[in-house]
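# Residue-level structure breakdown
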Amino acid sequence: MDSELKPVSAALEALLADVPMLGNETLSVEQAAGRVLGETVTARLDVPSFDNSAMDGYALHHSDAGRRLPISQRIAAGSPVQPLEAGSCARIFTGGEIPPGADCVVMQERVEVTGDTALVPADIAAGDSIRRRGRDVASGSTLLEAGTRLEAAALGHLAGQGITEVEVRRRPRVALLSTGDEIVDPGQSLGPGQLYNSNRPMLRRLLERFGATLVMTASIPDDSAATREVLAEAASQADIVVTTGGVSVGEEDHVKAAVESLGQLDLWRLAIRPGKPLALGRIPRRDGETRFVGLPGNPVSSFVGAWLFLRPLVGSMLGCPALVSLPEIPARSNFSTHTGPRAHYMRVVLRFDEQGPYAEAFADQNSAVLSSCIEADALAVIPPESTISPGDRVTCLWLRSDA
């Protein structure tokens, strides 16, 4: 392997070293969807807060099972209850509070009702069909840990405690910069040799999905002084500066030198396909330092680099373990390939049969074929100097998770 090329593990180690944790801000629970919890929340209430019926039926004491019982009261969800008269049963509906004196519920389909009486089967045990107080959450226990991403169920958990406001991590501020005179924004006319900027909207969406917010976008011309000036301005505004293109070794690639003049370059060039020309560094600013991630200009390389490096960097700043590493799914290969000195992160679709998941690779794995990223479920990680045949086990990094 080229001694200048570093493995992904070395890049992640350099990227995540001494990452600062961002501060908190207070939001209403209604505004907190997708945000990362900034402090551990303790339960105020038992959930459920009282013993209640798991179904529509009849509440009774189990010792009265097997008899015809008078129906002494009717209990709907949210209605007050009276102690159960001895030797009787209560008509009860799902969510209704279990009356004192009852210790089980029998579903209505098993009961024969005649007038104001109910014939209850004999095989009813204490506790049947009752959701006990505190079964889900006990008052005083940890409701949600700091670092939890507040998706649907977590938001419901907070609301179930009557919580209206919550502390969440501030979103990392990102400056997204495009380099290259050949890159043109959509809406403009293309000149000879020019391409539309597909990286910016793609990376914007990924960064927002990972939990960051864009505070600056700009296009940098192929000029050393301009590159340095825009990078300095971006670093003053953002926690993370992301560039696309300009980190290779061409005469018009000025980003690497500009970062070195403004701060430090921690790593450059990876033993990875796609995405070898990737740069990581730091740029000082008045109140700390800004992390720099220089992604390749090819759209697939930027796409893969965002998942492998931007996601864990944003996740570390948010203190969100679920974002720091991608879920790994072992699968069977349904393709053949051979790698050289660089690890290959192949776009694949995961399918399932009776033996479990298997990975189908897109036929064209070129770093300019962005269409393969639309349908890709995962990245199959093929180590350097490996030969993969159909049926071999491969590790796949899952891309479909909302976290």
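In short, a report on the structure. What you see is a predicted model; the values in this text were computed from it and never measured.

## Topic: the sheet that holds strand β6 (residues 89-92)
Within the open sheet, the six strands sit side by side as β7-β4-β6-β5-β9-β8. Their pairing is mixed. Two strands bound the open sheet, and with one partner strand each, they are β7 (104-107) and β8 (112-114). Going from strand to strand, the sheet's axes swing by 40 degrees on average, the running direction of each strand aside. In the sheet, strand β5 (residues 68-75) pairs with β6 via four bridges, with the strands oriented parallel. Residue pairing in the sheet places I75 in a bridge with I92 of β6.

## Observations concerning the sheet that holds strand β16 (residues 213-220)
Spatially, β16-β13-β17-β21-β20-β18 is the arrangement adopted by the six strands of the open sheet, whose pairing is mixed. Of all the strands in the sheet, the pair left with one neighbour each is β16 and β18 (264-268). Between one strand axis and the next, the sheet turns by 20 degrees as a mean value, whatever way the strands run. One ladder, built from five bridges, connects strand β17 (residues 240-244) with strand β21 (residues 288-295); its direction is parallel. By the bridge assignment, I240 is partnered in β21 with R291. This element, helix α4 (residues 224-237), spans β13 (173-179), β16, β17, β20 (279-285) and β21 of the sheet and lies at about 175 degrees to β16. Those strands touched by helix α5 (residues 255-262) are β13, β17, β18, β20 and β21, and its axis lies near 140 degrees from that of β18.

## Observations concerning the pairing of strand β22 (residues 328-333)
Note: β22 against strand β28 (residues 393-398), five bridges, orientation antiparallel. When the sheet's bridge partners are listed, I329 is paired in β28 with C396. The sheet contact formed by β22 and strand β25 (residues 356-361) spans two bridges and is parallel. Bridged to S333 within β25 is A359.

## What to know about the packing of helix α3 (residues 199-210) against helix α6 (residues 299-318)
Interhelical geometry of α3 versus α6 gives an angle of 25 degrees and a closest axis separation of 9 Å. Of the possible angle classes, the one that applies to α3 and α6 is roughly parallel. Note on packing geometry: the crossing formed by α3 with α6 is right-handed. Across from N199, M202, L203, L206, L207, R209 and F210 in α3, the residues of α6 making contact are P299, S302, F303, A306, W307, L310, R311, V314 and L318. Counted by class, the contact of α3 with α6 contains 12 nonpolar, two polar and two charged residues.

Reading the values: rules and limits
Along each chain, the written sequence defines residue order, and numbers are assigned to residues from 1. Reporting of local features is limited, given that this is a predicted model, to residues whose pLDDT is at least 70; pairs of side-chain atoms are given and counted only at 80 or more, and all residues count toward the totals for whole chains, interfaces and linings. Excluding hydrogens and water, the side-chain values take into account all heavy atoms of the structure. Paired strands are those between which DSSP finds at least two bridges. A helix here means a DSSP run of H or I that spans at least four residues, while a strand means a run of E at least two residues long, and both kinds are numbered starting from the N terminus. Each axis is a line fitted through C-alpha atoms, and for a helix only the stretch in contact is used; angles between axes span 0 to 180 degrees, taken between their N-to-C directions. Contacts: residue pairs with any heavy atoms within 4.5 Å of one another. Our angle categories are set so that under 35 degrees counts as roughly parallel, over 145 as roughly antiparallel, 65 to 115 as roughly perpendicular, and the remainder as oblique. Each crossing gets its hand from how the near helix is turned against the far one by less than a right angle, where anticlockwise is left-handed and clockwise is right-handed. Think of it as three bins: nonpolar holds Ala, Val, Leu, Ile, Met, Phe, Trp, Tyr, Cys and Pro, charged holds Asp, Glu, Lys and Arg, and polar takes everything else, Gly as well.

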